[in-house]
Amino acid sequence: MAKKKMGLEDLGGFVFSTDKDFEPDVHGNEENEKTLKPGDQLLEAHYSSKGRAGKKVTIVTNFVGSAEDLNTLGKDLKKKCGVGGSVKDGEIIIQGDVRDKVMSYLRELGYKVKRVGG
């Protein structure tokens, strides 16, 4: 069995610093850990087919909060719409053009939602 190669991620994200006062950020970015209340957020519902071999998707952006809360919201949206999807790079990607369903469900939850594009 081959030995696993170590990458920069395994070293904690940095290798060496010449700065005497350098302190690594061991707690992560605390701003993203607090999730804003639904009423304080303005989410955008996009429609796209670019870069997806012509397949249509609905993308929800501008969520401010923890990755765990984003994943939970994405899971709820997929279940509500009865379709697949994923959560990547701070965006919820839902398969198909289901913007109306997504927007109505987000409004039920108390989010402000803006329709972007066609």
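Just so you know, these numbers come straight off a predicted model, no measurement behind them.

Conventions and cut-offs
- In this convention, every chain numbers its residues from 1, walking through the sequence in written order.
- Note on the predicted model: pLDDT of at least 70 is required for a residue's local features to be given, and 80 or more for side-chain atom pairs to be given and counted; whole-chain, interface and lining totals, by contrast, use all residues.
- For the side-chain quantities, the full set of heavy atoms in the structure was used; hydrogens and water were omitted.
- Basic side-chain nitrogens of Lys or Arg form a salt bridge, by our definition, when they fall within 4 Å of a carboxyl oxygen of Asp or Glu.
- Helix numbers and strand numbers start at the N terminus; a helix is a DSSP run of H or I with at least 4 residues, a strand a run of E with at least 2.
- Between buried and exposed lies partly exposed: a residue is buried under 20% and exposed over 50% of the maximum accessible area for its type, with that area taken using a 1.4 Å probe on protein chains only.
- If DSSP finds at least two bridges between two strands, the strands pair.
- Inter-axis angles, ranging from 0 to 180 degrees, are taken between N-to-C directions of lines fitted to C-alpha atoms, where helices are fitted over the stretch in contact.
- Residue contacts follow a heavy-atom distance rule, with two residues in contact if any of their heavy atoms lie within 4.5 Å.

A. Structural detail: the pattern of salt bridges. Tallied over the full model, the rule gives two salt bridges. For Asp100, the salt bridge goes to Arg115, with nearest N and O atoms at 2.7 Å. Placement of the pair is Asp100 in helix α2 (residues 99–108) and Arg115 in strand β5 (residues 112–116), with a sequence separation of 15 residues. Judged by relative accessible area, Arg115 falls into the partly exposed class, the value being 38%.

B. Representation of unusual backbone geometry. Phi is positive for Asn62, which is not a glycine, with a value near 75°. Of note, Asn62 is situated in the loop between β2 (57–61) and α1 (67–81). The phi torsion at Asp89 lies on the positive side, around 50°, for a residue other than glycine. Judged by relative accessible area, Asp89 falls into the exposed class, the value being 79%.

C. Representation of the sheet that holds β5. Here we have five strands laid out as an open sheet, ordered β3-β4-β2-β1-β5, and mixed in their pairing. Looking along the sheet, the strands with just one partner apiece sit at the ends: β3 (85–88) and β5. Neighbouring strand axes in the sheet, compared pairwise and without regard to direction, differ in orientation by 20° on average. Bridge count for β2 against strand β4 (residues 91–95) is four bridges, and the pairing is antiparallel. In the strand pairing of β4, Thr58 is matched with Ile94. Contacting β1 (42–48), β2, β3 and β4, α1 crosses the sheet at an angle of about 15° to β4. Docked against the sheet, α2 engages β1, β2, β4 and β5, running at close to 165° with respect to β5.

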